[in-house]
Every structure is written in structure tokens, then in C-alpha cells.
Amino acid sequence: VSRRVINLGLAGFGTVGSALARIMVENADDVARRTTADLRIKTVLVRDPDKPRGFDPGPETTFTTRVEDILDDPEIDIVLELMGGLDNAEAFTRKALEAGKHVVTANKALLAERGRPLFELAARKNLGLYYEASIAGGIPIVQALKHSLAANRIDKLQGILNGTANFIMSEMTTKGMSFEEALAEATELGYAEADPTLDVDGIDAAHKLALLVRLCHGQHYPFEEMHIEGIRGVTPEDIRFAREFGYRIKLIGQIRQDGSRIDAGMFPALVRDRFLLSKLGKNLNGIRVMGNMVGPLFFTGQGAGGLPTASAVLADILMLVRRIDAPDNTGFIESDLPLAEVLPPEESVHEFYLRFTVADRPGVMAAIASVMAENDVSIAQAIQRDTGEGELVPLVFMTHTASTRAIARCLEATSAFDFIGAPTAMLRIIEEDA
Ligand SMILES: NC(=O)c1ccc[n+]([C@@H]2O[C@H](COP(=O)([O-])OP(=O)(O)OC[C@H]3O[C@@H](n4cnc5c(N)ncnc54)[C@H](OP(=O)(O)O)[C@@H]3O)[C@@H](O)[C@H]2O)c1
């Protein structure tokens, strides 16, 4: 077999970039057997060339701070965008595509928020814009949706897409910790960043969910229209009540279709405890895909970390090397995907968990139940705790399916009652269908 050299230009040599260099050395023999190209990291772009690095890529690699050293180098065929962030990453990716180079990226924020023109540019130029690492790190969900499941209509996808948030929810559940205590532990163990906003407010996971809409339905989902709720408001009390009903609370991303419209949302939800997603502990990620022919499939593994993420980056590079003449970036034939018709979040239908904080006196349950009946919300189960006359007590309802708008109306109406002692907790419930 005659072998050729493929030169890579890496933008970023942090956790993922240096892990990629390490895998290329440690797995060199295995990788060499999977393609006829010899991969070489020719140039690495960083901010500070004097910083000590986690892995030394060897003398063939040049470190630079000038983007032109990658973008204007005709020998570089594939560039890796492993810097993160929006503005610089966007400019770099666009220029790389304009220069005719294939791009592999782990940057879900960029693709979800500003990806559409980049994908269109890549399609116009017949270039690869690959992103396996950007959704759930090492889990091969992009290839599965692009290729392996291509014969299916994807009726539903539900996932735990952020390891930090899942770690926090798992610790709150197994150790009875508060959100703040679990976040502090996650930070100490290195699972959470100094600024945990993207993780705990659901934004990072929502970026991945928007990309999953693209892969499941061949439509571009306008990220700014997505319903995104994080886990800051989940209390140990709600976790305990959920357990009494047979559920755990997890940060869930869900994609469903409602007629021609896409119902995509990110929210903490009650997940029945026999459902595989509810069993994912620590920082694991998991995705359940319901194909209309294959039935339910479940993927789980490390959604972050240098080596798992970089292994997905390298798989994309190998895939590109194999199919460089006709890269397919989503798995649909359109070069310009249509904009998804979005189901407005208030029309999204779920079963709900509602925890009211009420004065312990007669007639309270009936008053709330009648508001719910007026709004066509029917009650499936209820738990009432008495603690003694005059005290504030929790009163918890599980509803049958209702629209988010109807629930919002119930909460608005009940908030006016003088026996309500605190804002009502509202969580969605997700069920596993066969
Ligand atoms: N870490 C993970 O587990 C993980 C998992 C999935 C996806 N991702 C995604 O992968 C990407 C990289 O993440 P990471 O954790 O590897 O980040 P990181 O450790 O912070 O590394 C970022 C690298 O990019 C370089 N860089 C940043 N801005 C730059 C600029 N404007 N010009 C030149 N170089 C620049 C930095 O240079 P210096 O070294 O000189 O500072 C550093 O080498 C992000 O999009 C992230 O969302 C990460």
C-alpha cells in the first residue's frame, strides 16, 4: 500500500489537543492500520508558546501564536479547532473553510449558536466540518445518527448530556447533599469549572441537544428559541419526594416531534428509577434514542475528559481521511438544512411534579385541586404531609399529561392563595415508552 502524509493543524493544545497528540503516539500502530495516510501534527496554535504542555508532540511539530501559520499553509489538509470560545473559534473555522481545509471541532457552543453559516460554507466548498467530540465526548452518537441509524425516523431522543450536572444530581441523590454542597464537591474533584454556569444552567447540554436535532431530523434548530432550565433550583426535598414516587431527578435533554414541529428542551426531570437514564451515576453521560424501526437504543460513557474526547476527534480525522472527496456533515443530502419549525415551549406537553408549600389547614388540597381541574390538569397521585397545626407543609402532586401553559396558569392562580407559603416547585416527568 502506498502511503501519503496528511498534515494536521491544531488550534488549541489544552486538555483535548494535548490528549489528541498523546493518542496519536500511544495508539500509533493501531491507527496506522486503519488508514493509508500517515498523520502528522505539523503546526499547533496556542496563546502562550512558553507554557509547559501536558504532552510533547515531538520535533516535527511547530508551536505558533499566528493563525496564518495554519490557515496559509497549503500543506495542511485538516485543521482541528480545539480552542473553545465563540469569536476566535468562529473566525478561525470560517477562514479555515474558506482556505479549503476540512475542520474537526469539539466546540458545541460554536456549532449550536453560530453553526449554520459554517455548515453552509462547508457544504458549498464540499468540505468536512466534523464534530463527534462536541456531543457527549467519547460516546459515538454522531456517527450512529449520521450513518448507523440512517434507515430510521428518530421518534424521540432523551439524554444526560452534561457530566458535571449529572455528578451534582447523583451526589445530591445518593448523599442527600444540597445543590451548593454537591457543586463544591464537584469543583474540588475537578468535575466543575471555576465558573460552572454553562454546566449547571443547562447551556452546555442544550448546545449538544441543538446539534442532536440537526442529526436526528436534518433541520437547523434556532438555539435562542430552546427552553433551557438548569439544576440550581432542585432541592433535596424534591429528590426525596421523587424517590417516594419511584423516580430520580436528572438534568434531561429531550427531542420529540409534534406534527411538523420540533419539541426540544433541557430541564431537570423526574425519571423513573428502573429507566436506564436514571441509573447513570457520577459524571456519566447517556443518550436514549428511539428509532421507529430499530426500537430503543442506549448509549453511555464518558462525555468529557481529554482522552475520551480526543479519541472522538481522532476518529473524525480518520473518517475524513477515508472520505475526503465527499464529506457529509449531518447525514442528510441537503447542503443547506431547513430551519426547524419550533414547538413553542409553552405548548410542550409533559407529566408534571408540583410541590406546593402550604399552610396546614382544611380545604387547601381541594382549593388547589379545583384550580387544576379548571385548567384541565388532572392529578395522578398526591402526597400530603401533616406536621401540626399552623405549620407550612409540602403538598405534592404528580399530574397526567398537561401543557406547560396549563401548568403555568395553575401556578399563577394558586400563587394568589393566602395559604401558599413559598414558590411552588415544578419539574417535568419523563417516561420510558416501549
Ligand atoms: N475538556 C473536555 O473534556 C472537553 C470535552 C468535550 C469538548 N470539549 C471542547 O473542546 C474544546 C477545547 O477544550 P479544552 O478543555 O481542551 O480547552 P483548554 O484546556 O482550555 O485548551 C484550550 C487551548 O486553546 C488555546 N487557545 C484558546 N484561545 C486561543 C486563541 N484565541 N488563540 C490561540 N490559542 C487559543 C489555549 O492556548 P494556551 O494553552 O496557550 O492557553 C489552549 O491550548 C472546547 O470547545 C471544549 O468545549 C472539551
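Bear in mind the structure is a predicted one, so any value in this text is a computation, not a measurement.

Enquirer: I'm lost on the pairing of strand β2 (residues 37-45) in this one. Help?
Expert: Strand residues, when the strand is regular, have side chains that alternate between the two faces of the sheet. Counting buried positions along β2 gives 7 out of 9 residues, so the element sits mostly inside the fold. For β2 and strand β3 (residues 62-64), the ladder comprises 3 bridges, and the chain directions are parallel. Residue V44 lies in a different strand from β3, and its bridge partner there is F63.

Enquirer: Sorry if this is basic, but what is going on with the site of the ligand here?
Expert: Taken together, 22 residues are adjacent to the ligand, and V16, D48, K51, R53 and G305 come closest. A distance of 2.9 Å is found between an oxygen atom of the ligand and a backbone nitrogen or oxygen belonging to T15. Within the backbone of G305, a nitrogen or oxygen atom sits 2.7 Å from an oxygen atom of the ligand. Summarising the interface, the protein chains cover 79% of the accessible area of the ligand, which totals 900 Å² for the free molecule. Considered class by class, the residues forming the shell around the ligand number 9 nonpolar, 8 polar and 5 charged.

Enquirer: Explain the packing of helix α6 (residues 141-148) against helix α10 (residues 203-217) here, please?
Expert: A pair of packed helices is characterised by two quantities: the angle between their axes and the separation of those axes. The geometry of α6 relative to α10 is characterised by a closest axis approach of 9 Å and an angle of 20 degrees between their N-to-C directions. Considering the angle they form, α6 stands roughly parallel to α10. Judged by the sense of rotation from one axis to the other, the crossing of α6 with α10 is left-handed. Residues I141, V142, L145 and K146 of α6 touch α10, and the partners they reach there are L212, L215 and C216. Here the residues of the contact of α6 with α10 sort into 6 nonpolar, no polar and 1 charged.

Enquirer: Please explain the sheet that holds strand β4 (residues 76-81) as it appears in this structure.
Expert: In a beta sheet, neighbouring strands are held together by backbone hydrogen bonds and run either parallel or antiparallel to one another. Read from one edge to the other, the open sheet built from 6 strands follows the order β3-β2-β1-β4-β5-β6, with strand pairing classed as parallel. Strands at the two margins of the open sheet, each flanked by one partner only, are β3 and β6 (129-130). Both strand β1 (residues 4-11) and β2 contribute to a ladder of 8 bridges, which runs parallel. When the sheet's bridge partners are listed, R4 is paired in β2 with A37. Contacting β1, β2 and β4, helix α1 (residues 15-26) runs over the sheet at an angle of about 150 degrees to β2. Running over the sheet, helix α4 (residues 87-98) touches β1, β2, β4, β5 (102-105) and β6 and is turned about 160 degrees from β4.

Enquirer: How should the side chain of N107 be read in this particular structure?
Expert: Structurally, the position occupied by N107 is in the loop between β5 and α5 (108-124). At 3.0 Å, the side chain of N107 forms a polar contact with the side chain of E81. From its side chain, N107 meets the backbone nitrogen of L110 in a polar contact 2.9 Å long. If sequence neighbours within four positions are ignored, N107 has contacts with E81, G84, G85, A89 and S134.

Reading the values: rules and limits
Numbers given to residues run from 1 along each chain, matching the order in which its sequence is written. Thresholds applied to this predicted model are a pLDDT of at least 70 for local features of residues and 80 or more for the giving and counting of side-chain atom pairs; totals over whole chains, interfaces and linings are not thresholded and use all residues. With hydrogens and water stripped out, all remaining heavy atoms of the structure feed into the side-chain values. Residue burial is assigned from relative accessible area. The probe radius is 1.4 Å, only protein chains are included, and a residue is buried under 20% of its type maximum, exposed over 50%, and partly exposed in between. The helix and strand labels rest on DSSP assignments: H or I over at least four residues marks a helix, E over at least two residues marks a strand, and numbering proceeds from the N terminus. When DSSP finds two or more bridges between two strands, those strands count as paired. Residues are classed as near a molecule or strand on a simple rule: at least one heavy atom within 4 Å of it. Any pair of N or O atoms that falls within 3.5 Å is considered a polar contact. Within protein, one atom must be able to donate a hydrogen and the other to accept it, and sequence-neighbouring residues count only if both atoms are side-chain atoms. We get accessible surface area from the Shrake-Rupley algorithm with a probe of 1.4 Å; when it comes to residues, only the shown protein chains can shield them. Each residue is assigned to one of three groups, with Ala, Val, Leu, Ile, Met, Phe, Trp, Tyr, Cys and Pro labelled nonpolar, Asp, Glu, Lys and Arg labelled charged, and all others, Gly among them, labelled polar. To define axes, lines are fitted to C-alpha atoms, for helices over the stretch in contact only, and angles between the resulting N-to-C directions are given on a 0 to 180 degree scale. An angle below 35 degrees is treated as roughly parallel, one above 145 as roughly antiparallel, one from 65 to 115 as roughly perpendicular, and anything else as oblique. Take the far helix as your reference; a near helix turned counterclockwise from it by less than a right angle gives a left-handed crossing, and one turned clockwise gives a right-handed crossing. Here, two residues are considered to be in contact whenever any of their heavy atoms come within 4.5 Å of each other.

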